[in-house]
Amino acid sequence: MPRVDLSVPFSEKDEARSLGARWDARRKVWFVPDGVDPGRFGKWFILEPEINLRASSYFVVEAAAMCWKCHESTSVVSFMLPPGYEVFQFGEFDGERTLPGFWSTMPDPTIVHYVEHIPPAVADRAMQVKRNYQRNFSKTTSSAYWMNHCDHCGAKQGDFFLHCEVDGAFQPWEEEDAARMVLHACAGPFEGYASWAMFGDFFMGSMQRR
Ligand SMILES: [Zn+2]
């Protein structure tokens, strides 16, 4: 069974400890140790985490897209997480109560989209590659997320167009598509709140590295 992390307010830490929760000093989070029934910790289950993705390293991935507005070619960026990244799986309602969510490790890389939250260090790394990668509001999704803007005219380049369309800039179908993409290796951990998809191998080996 996957490890269950808990969201314990500081003022309730002694209560959590007395019930058998343990403190993970590295991740700075309380959790239910193996062999202990998580049921008694229900009030601290994480139902809506601030982050749903994390990895010990990551890449800023750069591609090219044609701007829908001025039809010039513009650079676009996103984040690629290597195999071994972790995803927060939300707990399901079993008819009586919501089961605890948990982190699970993914075997294949992913490119994330609709990035709603990233820490400043991760945002800075992307902006080193593309200075106008900025948080903006999307009418399509009625939400704010980190978005690419055209290098020439500044128009928003929405993630649906880049990530979800069949010929999107971040959808390499052949090795030659992948060979046009550039991976910028980033030291340090990634964490964030974003959408992700299990795509299997992305021809990572064919991509350029900087
Ligand atoms: Zn443009």
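Residues numbered from 1 in each chain as written. Predicted model: local features only at pLDDT ≥ 70, side-chain atom pairs only at ≥ 80, totals over all residues. Heavy atoms only, no water.

Draft legend 1. Just the sheet that holds strand S8 (residues 102-105), in detail. Taken in spatial order, the 5 strands of this open sheet run S8-S7-S4-S15-S10, and their pairing is antiparallel. On the outer flanks of this sheet lie S8 and strand S10 (113-117), each paired with one strand and no other. Neighbouring strand axes in the sheet, compared pairwise and without regard to direction, differ in orientation by 40° on average. Judged from the 3 bridges that link them, strand S4 (residues 53-55) and strand S15 (residues 190-195) form a sheet pairing that is antiparallel. Note that in S15 the partner of leucine 53 across the bridge is glycine 192. (Pairing = 2+ DSSP bridges. Helix = DSSP H or I, 4+ residues; strand = E, 2+ residues; numbered from the N terminus. Axes fitted to C-alpha atoms, helices over the stretch in contact; angles between N-to-C directions.)

Draft legend 2. Just the pairing of strand S5 (residues 58-66), in detail. Of all 9 residues in S5, 7 are buried; the element is thus mostly enclosed. As paired elements, S5 and strand S14 (residues 182-186) share 5 bridges and run antiparallel to each other. Residue pairing in the sheet places glutamate 62 in a bridge with valine 182 of S14. Relative to strand S6 (residues 73-81), S5 runs antiparallel, the two sharing 8 bridges. Among the inter-strand pairings, valine 61 is bridged to a residue of S6, identified as serine 78. The antiparallel hairpin formed by S5 and S6 contains 6 residues in its connecting segment, where histidine 71 sits at a positive phi of about 65°. (Buried < 20%, exposed > 50% of the residue type's maximum accessible area, 1.4 Å probe, protein only.)

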